[in-house]
Amino acid sequence: MKYLKKLLILGFHSINLILIIFYLYPGSIFGCYLYNDCFRELQITRDFTISSNYLISSNHLYVFIILSAAGVFAYPSSNTLKFLIGYLFLLSIILELFHLIIPNRGFEWGDLFGNILGVIFVIIIYKVKNKYV
């Protein structure tokens, strides 16, 4: 059991580091390797449309669901979970704000909403699971 906990913590920190590298890279790492075009983004699914003016980035939503779920599994106790939730919200905002100053990247509200909704989705699932299980 202790080995599994260490593995989950290592997984969360690895995902976190990889996410930060991909976020701060001035271009698209996946685009460079898959399309030979560092300015072309890999799009897993179409973005979610709330209305004609509001989009939620599906890529950002999926990535923050994965990161948040890994964090919740790695740090399930209530004290560390509160810190983790604060960290994930702060990370989602700060990383998107960095796109204002990184060359070839741009701040987008849809990306920020995708980040935050990914964190919220995992928190809701975690709370519902703990309430009924």
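Residues numbered from 1 in each chain as written. Predicted model: local features only at pLDDT ≥ 70, side-chain atom pairs only at ≥ 80, totals over all residues. Heavy atoms only, no water.

**Q** Would you explain the overall build of the chain in this entry?
**A** A count of helices and strands for the chain gives five helices and two strands. In the chain, the order of α-helices and β-strands from amino to carboxyl end is α-α-β-β-α-α-α. A burial count over the chain gives 32% of its 133 residues as buried. Excluding contacts between residues fewer than 6 apart, the proportion of contacts in the chain whose partners are at least 24 apart in sequence is 61%. For the chain, the exposed area adds up to about 8,900 Å²; of that, 71% sits on carbon and sulfur atoms. (Helix = DSSP H or I, 4+ residues; strand = E, 2+ residues; numbered from the N terminus. Buried < 20%, exposed > 50% of the residue type's maximum accessible area, 1.4 Å probe, protein only. Contact = heavy atoms within 4.5 Å. Areas by Shrake-Rupley, 256 points an atom, 1.4 Å probe, with all protein chains shown as cover.)

**Q** Looking at this structure, I do not really get helix 5 (residues 109-132). What am I missing?
**A** Residues separated by three or four positions in an α-helix point in the same direction, a consequence of the helix having 3.6 residues per turn. Taking 1.5 Å as the rise per residue, helix 5 with 24 residues should run 34 Å; its terminal C-alpha atoms sit 34 Å apart, in good agreement. Every buried residue belonging to helix 5 is among Gly-110, Asp-111, Leu-112, Gly-114, Asn-115, Gly-118, Val-119, Val-122, Ile-123 and Tyr-126, and all of these are buried. As for helix 5, its buried residues are in contact with helix 1 (2-24), strand 2 (54-56), helix 3 (58-74) and helix 4 (78-98). (Expected span 1.5 Å × (residues − 1).)

**Q** Explain the state of the cysteines here, please?
**A** A covalent bond between the sulfur atoms of two cysteines is referred to as a disulfide. For the structure shown, the criterion picks out one disulfide. Two residues share a disulfide in this structure: Cys-32 and Cys-38, whose sulfurs sit 1.7 Å from each other. Disulfide Cys-32-Cys-38: the torsion about the S-S bond is 130 degrees, which places it as right-handed. (Disulfide = S-S within 2.5 Å.)

**Q** It is not clear to me how a nonpolar patch on the surface should be interpreted in this structure. Could you clarify?
**A** Nonpolar side chains collect at one region of the surface, where Ile-50, Tyr-54, Trp-109, Phe-113, Leu-117, Ile-120, Ile-124, Val-128, Tyr-132 and Val-133 lie side by side and expose about 1,100 Å² of accessible area between them. When residues of the nonpolar patch are assigned to their parent elements, the largest contribution, seven residues, is made by helix 5. Relative to the elements of secondary structure, Ile-124 occurs in helix 5. (Patch = residues over 30% accessible without salt bridge, like charges linked within 9 Å, V, L, I, M, F, W, Y side chains within 5 Å. Salt bridge = Lys/Arg side-chain N within 4 Å of Asp/Glu carboxyl O.)

**Q** Would you mind going over helix 3 with me for this structure?
**A** Taking 1.5 Å per residue as the helical rise, helix 3 with its 17 residues ought to reach 24 Å, and the 24 Å between its terminal C-alpha atoms agrees with that figure. Residues of helix 3 that are buried in the fold lie against helix 1, strand 1 (48-51), strand 2, helix 4 and helix 5. Capping the start of helix 3 is the job of one residue whose side-chain oxygen sits 3.3 Å from the backbone nitrogen of His-60: Ser-57. (Polar contact = N/O pair within 3.5 Å; in protein donor to acceptor, adjacent residues only side chain to side chain.)

Geometry only, nothing functional implied.
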